[in-house]
Structure formats: structure tokens, C-alpha cells
Amino acid sequence: MSQDSSTLREEGNNHFKAGDVQQALSCYTKALKISDCQSESAVLYRNRAACYLKLEDHTKAEADATKALDVDQGDVKARFRRAQALQKLGRLDQAFTDAQKCAQLEPKNKAFQDLLRQLGAQIQILFMTYRQKAAQNLVVLSREDAGAEQIFRNDGVKLLQNLLDSQQEDLILSALRTLVGLCTGHQSRTMAIVNEVGMDRLCGVMASAASTVSLSACHLIQVMFEALTEGMKKEIRGKDEAILPEPSRELRSMLRHLIDMLPASSVSGAGRDSAINLLVKQVPRKSLKNPDNSLTLWVIDQGLKKILEVAGTVPEVKGGPPLTDNTPMSCSVLLNKLYDDLKSDKERENFNKLCEEYVQYHFGCSDMESKLRAIQTVSVLLQGPSDVGNRTLELSGIMDAVISLCASENISHQQVAVEALIHAAGKAKRASFITANGVALLKELYKKSENDRIRVRALVGLCKLGSAGGTDFSMKQFAEGSTLKLAKQCRKWLCNEALPPASRRWAIEGLAYLTLDADVKEDLVEDKKALQAMFELAKSEDKTVLYAVGSTLVNCTNSYDVEKPDPQMVELAKYAKQHVPEEHPKDAQSFVGKRVVKLLEAGVVSALVCMVKQESPVLTEACRECIARVILALVERQEDRGLVVAQGGGKALLPLVSESTDQGKIKAAQALAKITITSNPEIAFPGERVYEVVRPLVSLLALDCTMLQNFEALMALTNLAGISERLRQKIIKEKAVPKIEGYMFEEHDMVRAAATECMCNLALSSEVQKCYLAPDSDRLKLLVLYSGEDDERLRKAASGTLAMLTGEMPELCTRIPDTTSHWLEIFQALLLSESQDLRHRGVVIVMNLMQADKSLAEKLMESEALEILSVLAKGDDPKQASIQKAAQRCLDLALEYGLIQSNEGGVNGKTM
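Note that the structure is predicted; figures quoted are calculated from it, not measured.

The next subject is the overall build of the protein chain. The number of helices and strands found in the protein chain is 52 helices and two strands. Burial analysis of the protein chain (912 residues in total) assigns 53% to the buried set. For the protein chain, the share of sequence-separated contacts (at least 6 apart) that also reach a separation of at least 24 residues comes to 68%.

As C-alpha cells, then:
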């Protein structure tokens, strides 16, 4: 029998070699059925496993190879085949173990080595996939407080440290996002994480050249700052409050690490910008009402020279830290924020002294690199705290060096000098000096320089000097037509995509100055290609362009503030031969409206939305104010508001009402009001966003706002108050009711009516209704009196409120006769009104009064109201069905009370 199985095995081997796998499989299977030798069966199982591998039946291949190995663990062929089957089945760890043993038994076998390498690579990929999925799961888990606590309690921070050190971007991002979840709003965890992970590691991650990693690390450190600083203001700072020290030590340590990052050459440009951004957000006081500016003083003492070191870096000169295009402007913003946060002349003088010493030291060095550093520092200061910049500019030899270097043959030297010259021309006094001394030089550079970087900067210098007269049509520095030529060249540069973005950005800078001239505005909005090029740059990575774009759009939409002089003062000025500013004819409202339409057609809204989303110190409060002004101009016409909302303009306004200058916040709030008045707020601001609109609208109910802003805010709040009780409660919570009541006494008819309409909708809330029940209150009297005013809009609002209040609170009805002796006349006038709306309100009020108290019904039936109600109840106009029904109800009540009697013909008079 053994011989027979051997024969079958040999036949099977021959079939296998010939490629007939099915026949080979059949032979091996028959041989196994008759084989009684364990070792021979092992060989048959091993061979049949090879057949199953060929047929891709990997489960049976693994089973047969295992049976062979059960007999002989040293069978390397069986183990190799099982490894192959396990690999296909996805059991890579078991396959790797088998392949490893095969390679140990026969180290020179190439097939074994190749399989081992394949499995190693597959396992690595699988491990990374599982690791990434696990890291992503941690991110999701950390978003819930319970999950965050679970990660924190189970040594999750150590695991996250390993991920931060992994050098793999996906894992690092997951670790950073998980840490954000752990730190958000929780001071105790944040303090522990800062100490365990360490700022060295976090700053190292933020220093990464990968911008996404750097920004994520920046966001994490921002969240940590917020958790620590907000925690200091709260009574409960975490579950372990009893053993927690004050976090001020951690805060100072974090700031010191950020300051140390600034001049470090190992830090990427993106990482340096992130560090500056964090210092801008965390160091200066959020409100000048807070007297403590010690953190600013500490940063100036510890880090001003390091900030100036970055500010003075010239990228083209070797040896400096890596910068981005945004870094110099970010430094300007930081320096300006620090300077503005100083409280006394002594503090400001110290700041000036430190800056002057730094500039003087480097300018006094013999090497050109140091002199360039000094001039570049002055440039950055001129764009930031300009008073400090002007003082450093007036240091001995600086201005002469700037003029001299403008003629240098070295392009880098020229560029630094020309930029300093441009920034120096910021004030009218200095602009006049440079007009007299530098215009010829700038023209020479523009015409004869062969380098585009120099030419475009010289062009901007000429633009800035040419716009020194501002919007005053009669005050021009250059000859007629010169500004139009300059603007044409700026648009040409702007549209030239072959130029680097930095050079095109300078072209927008030029337009920002030149568009003070209305002729330039008209030419720009007609050039759709130039507009679209400007909008594309506004959406780009170069954030330094934001303010220039914002300023240009403010000029084109005339959304800057213009004080109209008193006509009498103008006449006096002319008589005294004093200069009187003149408005350009093309700055008339008709021209402005057409420019706005063209900007909308060119896609200005999407550009503004992208600008608001930028996370950079360059997006200053002044820049945000520009954006708010432009959006306000865009929603001026009712027919344009839908387009602005559809393209995200409404959503873009929400951050502007909280992060801008005071004027910027007001302009953004007014734009929100205009949108809310004419659009469905639930569509314009979907979800929870509609509740964010309330506070900015209430902020417009202030004495320092214009009457128009008051009126629009009241109209918008009226719209919101009519939507839901939750929105009414939000308005009440923002303490708007007393303000609205105040405007009900306003002399201006439209404002007074708008306030009364708003109160009408708010009175749907029981909390407001109770106010009318308060003793010694004139609220009810005001409504009754307003119901008798001549202004129909005011009468509708007041009588509507009365109709609703008397229906909801019958106890209020008995107080009405005490409000005024003319109450009957007022309600009768409502019943007799030509306005159907007023008649309806009047009849409902009368019905409510009669339902509430029989004595009131008697007084009404004794008056002319009975006759009027009889007429109203007989009408057959279907449009007045509601009035007829309410009037009939009044008569029915009179019948029930026995005040009148009826016959077949109707009312037959009084029974009394």
C-alpha cells in the first residue's frame, strides 16, 4: 500500500512540474487516503499545500502546511509554504515568524530573504496604518471631557510625546490635536502637560518647516495660554485645584521660550511667524481698563532686542534667521502692540531708548551688513510704532544713508533703502521733504533700473508721494494726469503673473495710495483683470497684502469717514482766503454705487471672506476695520444683500464685531443689522450663528452711534424677536429691553416707531409682559397714548402691543382707564380708522377689555363704541372677516352681560 501512495505522489509531482495543478492535487489527495506512513503523509500535505497556493486557496494551503509541520517542525519547505499562505491571508505577524525561521535555517536562500523583506515592509505599513488610526481615535476621544480625562489618567501624555517625536507629520498632527482636546478649558491638565511635555519640545515642533505642523502647534500653545489665563480668573480651575499653584510661572516660562525662538536660526520662517503671532495675542492687555501691563514691560525688558534682531534681518544678507514674506510686517504689528500697551511717558521713553540704542549700535559698525540691519529695523519701526520709527530715522546719518544707498549698484542694498524711503514718506511733513529731495531719485530708479524688484518699489514710492493730498481734489503733489499714469503702471505690474507675488503685492500698495483719487478708482473698477488679480493675491499665502487690499477697497467704495464742513465755515474760509477741501465729482454717490456693483461682479465678497479667515498678526484690527467698512458699503443697497450673504459675507462679519477697532466693530454690527432687516436671519445666519448676531446689534443702541445705526439695530432686533422665544431671551439677557424702552421716547418718529415695534415682538415673552404689571410704571400709559398718535406706523406698533398684552394679561385691562382720560376716544379712533390693520387692533383691544371686566364693558357700551361695533359686525367683505368676528364677539359679550338686547333686526339698544 505504501508503494501505491508513493507512485501516486510521483505522478502528482510530474503533473505539478508540467503545470497541471488540478491533476497533481487529485493524486496527492488519493495518496493521502491510502498512506499509512506519517512521514510520507507529511510530504504529501506539504506538496498539496503547494497546489493550493497555486490555486489561491490559501486557507487550505495553510492547513496542509501546518499538518506537515506537526510531523516535522524542521520541514523548511512546509514552513515556507505556510508563510506564503499566511501572508495572503493577512496574518502578517505569523507569516513573518515562519519566514524568519526559514531564513535562520537557510540564510543564503534568496526566496526566504525576499519573503522576509516583503513581510517586513508590509508589517511596517500595517503598523503605521494602525498607529495612524489609533492616533486619530485619540483625537476624537479627546473632544469629550470624559475621554480627555481617560487619556490623561492612563499615561496618554507619554504616548503623545512619542508621537510628537515620531518625525511623521500625520502622527504629530494627531498628537497636537489630541493635546488641544486635553487642554481646552482645563487649567490643571494644561499645567501638568506643559510641565511633562515641556515647552522645548512644543517649540521644537512649532519650529518645523511644515506649515501645517507649525500652525497646529501654534494653536495648541494658544489653547494652553487661554486655559491658564482664563483659569486664573475663575474660582474653580480644575479638579485638582487644592494642590495647584498659580500658573504665572508656567506662563512666563512659555513666553520666554517664544522670545528665545525669535532669533534662533534653527527655527523655520513659519515657526517664527507663529511665535510672533502668539506674542501679539498673549502679551498686550486685552482692555486698557486693566491697569496691569507688567507682562508687556517684562517682554520689552527680556525680548525687545530679540524682536528687533528679527525685524532688522535682511533676507538677502547671509547669516540671519529664516524669514517668510510676512515676518517683517508681523514684527511691526508686535512692536506696535507693545508700544501702544505702555501707560506712561517714562515707559515709552525707555522703549524709544532701547530702539535707538539698537539702531545706533548697528549703524555705527563699519560693515555694510550692520548698516543695512539698522536701516531695515527703522523700516519695520516706521510700519509699526511710527513715532519710534520717526525718532530713529532722525538719528544722525540715517536719512543720508538711505538716500545714498538708493543709488547703490547692489540690488539688495537698493531694495532696503527704497523701502525705507517709502515708509518714511508717511507723514505730510516728511512727504514734502522727500518730494523735494527724493522724487527725482525715485523716478531715476523707476526708469533706469534693470531689476523689477527695485522698479516696482520706486513706483510705489512715487504713488505714495503722489497721493499726499488725500481725497482733496485741489491738493495734488504731481501734475495733472501723473497719478493716472502711475496707477496704470501699477495695474500692469499687478496683472503680470510672471512676476513674483512679493513684487505684485507692492503694486497693490501703490494702488492703495493712488485710489484716493476718484479717477484712479474709476479706472481700477473698469479693469476686471486687475481686480481679479488683486483678489487672488488676497487669498494667497502672502498675508502682507491684506491691508493694502483692504485700503484699496475702502477707497474704491468711499467707505472712509468724511466730515462734511459746515457751509458757513466754508464761506468764512473762502473769505479769509484759507484752503477749502474740494470733493472730486466722481466721488458722488451715483459713481460710488456703480463702483460697488462692479466690485461685486468681480468677486470681491469671496476675497473678503478669505481675508477674514487668515490667522496672522498682519490681519490687524485696522485691517479688520477696512474689511468691515467695505462689507458695509457692499450691503448698502438692499438688492445686493442676498448676493453678499450667499457668498459668505454675513458669516465673515461675525468675527469682525469682536476683533476690530471700535469703529470697525460698529461698522460690522451695522452691516449685520442691514442684512438682518431684509433677509431671513435663520437663513443668513444658520444654526447657532443667529444667536451671535444679537450682541453686536444691541451694541448699536448707544449714544455714540448715529441715529441711523440706532434705527437699523432696532429694526434688526424686531426681526429677531419675532422668530423664537429663545432669541427673545437672548435679547433680554443682553440687557436690551431698557435701551429699547429709552428709544421709545426718542423725538425722531422713525426711531420711536421702530423701538415700539421691537417692544411689540419682545412682549411675546412672559418676562417682558411682567414689566407692564409693575406698579408706578408708565409703560402701559405710553402704549395707550401712542395708539392715538398721528404717525400710523407708531399707532400700529403701540396698538398691536396693547392688543397682545390685554389678551395675555386680563388683569392689565382694568388699569387702562387710569392711564389717560382720553382712552375711550383713542380706542374709538382706532375702530373708525381707514386702516384695516388699525381697525383690527382696535376691535381686539375692545374685545379683550370687555372679556376682562364687566364694568369696562359698560363704559364702552355707553360710548359711541356700540354703534361703531354694530356697523363693523355687519360688514360682508371677506377681507375683513377677522374684524367682523371680533366685533360680533364684543356684541355677544354685551348681550351676555345684559348691557344690550337684540331683536330679529339686530341690536336694539341698551337695557339699562
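The next subject is the side chain of Asp519. Inspection of the secondary structure assignment puts Asp519 in helix α28 (residues 518-526). At 3.2 Å, the side chain of Asp519 forms a polar contact with the side chain of Lys586. Once residues lying within four places of it in the same chain are set aside, the contact partners of Asp519 are Leu484, His584 and Lys586.

Per the UniProt record, the feature "repeat: TPR" (unreviewed entry) sits at residues 5-38. Structurally, residues 5-38 comprises 85% helix and 0% strand, and the distance from its first C-alpha atom to its last is 12 Å.

Right, let's talk about helix α22 (residues 411-424) for a bit. With 14 residues, α22 ought to run about 20 Å at 1.5 Å a step, and its terminal C-alpha atoms sit 20 Å apart, in line with that. Judged by how many residues are buried, α22 sits mostly within the fold: 13 of 14 residues are covered. You can read the cap of α22 off the contacts: a side-chain oxygen lies 2.9 Å from the backbone nitrogen of Ser412, and it is on Asn410.

It is worth spelling out unusual backbone geometry at this point. In this structure, Glu56 takes a positive phi of about 60° despite not being glycine. Looking at where Glu56 falls in the secondary structure, it is placed in the loop between α3 (38-54) and α4 (58-71). Note on Glu56: relative accessible area 61%, which makes it exposed. Positioned with a positive phi, Gln167 is a non-glycine residue whose angle comes to about 65°. In this fold, Gln167 is placed in the loop between α9 (156-164) and α10 (169-183).

What sets the pattern is the α-helix's 3.6 residues per turn: residues three or four places apart point alike. For helix α41 (residues 707-721), which comprises 15 residues, the first-to-last C-alpha distance of 21 Å matches the rise-based estimate of 21 Å (1.5 Å per residue) to within 8%. The buried fraction of α41 amounts to 11 of the 15 residues, a majority that puts the element mostly inside the structure. Along α41, the residues that are buried comprise Gln709, Asn710, Phe711, Glu712, Ala713, Leu714, Ala716, Leu717, Thr718, Leu720 and Ala721.

As enumerated under the stated definition, the model contains 43 salt bridges in all. Of the charged contacts, one joins Glu741 and Arg779 as a salt bridge, the two residues approaching to 2.4 Å between their closest N and O atoms. Taken together, the residues Glu741 in helix α43 (residues 737-743) and Arg779 in helix α46 (residues 779-786) connect sequence positions 38 residues apart. A salt bridge links Glu896 to Arg889, with the nearest nitrogen and oxygen atoms 3.5 Å apart. Note on Glu896: relative accessible area 57%, which makes it exposed. Connected through salt bridges with shared partners, the residues Asp145, Glu149, Arg153 and Arg189 form a single ionic network.

This next bit is on the confidence of the model for the protein chain. For the protein chain, the mean per-residue pLDDT works out to 85, and 90% of the residues sit at or above 70. Counted against residues more than four places away or in other chains, residues 469-478, with its pLDDT under 50, gives 27 contacts.

The topology assignment puts Thr544 in the loop between α29 (528-538) and α30 (546-556). Overall, Thr544 belongs to the buried group, its relative accessible area being 4%. Side chain to side chain, Thr544 and Arg505 meet in a polar contact 3.1 Å long.

What follows deals with the packing of α29 against helix α32 (residues 589-602). At a minimum axis distance of 10 Å, the contact between α29 and α32 shows a crossing angle of 60°. It follows from the interaxial angle that α29 and α32 lie oblique. The handedness of the crossing between α29 and α32 comes out as right-handed. Two secondary-structure elements touch here, α29 through Lys528, Leu531, Gln532 and Phe535 and α32 through Leu599, Glu601 and Ala602.

The tally for this structure, following the rule as stated, stands at three aromatic pairs. Positioned above the aromatic ring of Tyr446, the side-chain terminus of Arg455 is 4.9 Å from the ring centre. Directly above the aromatic system of Tyr691 lies the positively charged group of Arg726, at a separation of 4.0 Å from the ring centroid.

Quick look at the environment of Trp298 now. By the element assignment, Trp298 lies in helix α16 (residues 294-311). Trp298 gets classed as buried once you look at its relative accessible area, which sits at 13%. Setting aside anything within four residues of it in sequence, one finds Trp298 in contact with Arg252, Leu255, Arg256 and Ile259.

Another point: the packing of helix α27 (residues 501-514) against α30. In the contact formed by α27 and α30, the axes pass within 8 Å of each other and the chain directions differ by 30°. Looking at the two axes, α27 sits roughly parallel to α30. Crossing of α27 over α30 shows left-handed handedness. Of the residues in α30, those in contact with Ile508, Glu509, Leu511 and Ala512 of α27 are Ala548, Val549, Ser551, Thr552 and Asn555. By residue class, the composition of the contact of α27 with α30 is five nonpolar, three polar and one charged.

This paragraph deals with the environment of Asp778. Within the secondary structure layout, Asp778 lies in the loop between α45 (766-771) and α46. Taking the C-alpha atoms as reference points, Asp778 and Thr819, separated by 41 residues in sequence, lie 8.0 Å from one another.

What follows is about the environment of Val737. Relative to the helices and strands, Val737 is located in helix α43. Residue class for Val737 comes out buried when judged on its relative accessible area of 11%. Considered as a pair, Val737 and Val698 are 39 residues apart in the sequence and their alpha carbons are 9.6 Å apart. If near-sequence neighbours (up to four positions away) are discounted, Val737 is found in contact with Ile732, Met759, Leu762 and Val768.

Parameters at a glance
In every chain, residue numbers begin from 1 and rise along the written sequence. Confidence filtering applies because this is a predicted model: local features only for residues at pLDDT of at least 70, side-chain atom pairs given and counted only at 80 or more, and all residues used for totals across whole chains, interfaces and linings. Only hydrogens and water are removed before side-chain values are computed, so all heavy atoms of the structure are retained for them. Numbering goes from the N terminus for both helices and strands, where a helix is a DSSP run of H or I of at least four residues and a strand is a run of E of at least two. Only protein chains enter the accessibility calculation, which uses a 1.4 Å probe. A residue is then buried if its area is under 20% of the maximum for its type, exposed if over 50%, and partly exposed in between. Should any heavy atoms of two residues lie within 4.5 Å, those residues are considered in contact. The definition of a polar contact used here is a pair of N or O atoms within 3.5 Å, where within protein one atom must be able to donate a hydrogen and the other to accept one, and adjacent residues in sequence count solely through side-chain atom pairs. UniProt positions are given in the numbering used here, feature names are shortened, and annotations may be inferred rather than shown by experiment. One less than the number of residues in a helix, times 1.5 Å, gives the span that helix is expected to have. A carboxyl oxygen of Asp or Glu within 4 Å of a side-chain nitrogen of Lys or Arg is what we treat as a salt bridge. The quantity known as pLDDT measures the predictor's confidence residue by residue, on a range of 0 to 100. To obtain each axis, a line is fitted to C-alpha atoms, and for helices this fit is confined to the stretch in contact; angles are then taken between N-to-C directions over 0 to 180 degrees. The cut-offs work like this: below 35 degrees is roughly parallel, past 145 is roughly antiparallel, 65 to 115 is roughly perpendicular, and the gaps in between are oblique. Crossing handedness: left-handed means the near helix sits turned counterclockwise from the far one by under a right angle, and right-handed means the same turn made clockwise. Stacked, edge-to-face and tilted are the three classes for Phe, Tyr and Trp ring pairs, Trp counted by its six-membered ring, which pair at centre distances within 6.5 Å; planes under 30 degrees apart are stacked, over 60 edge-to-face, the rest tilted. Two conditions define a charge sitting above a ring: the NZ of Lys or the CZ of Arg must be within 6 Å of the ring centre, and it must be within 35 degrees of the ring normal. Three classes are used: nonpolar for Ala, Val, Leu, Ile, Met, Phe, Trp, Tyr, Cys and Pro, charged for Asp, Glu, Lys and Arg, and polar for all others, with Gly counted as polar.

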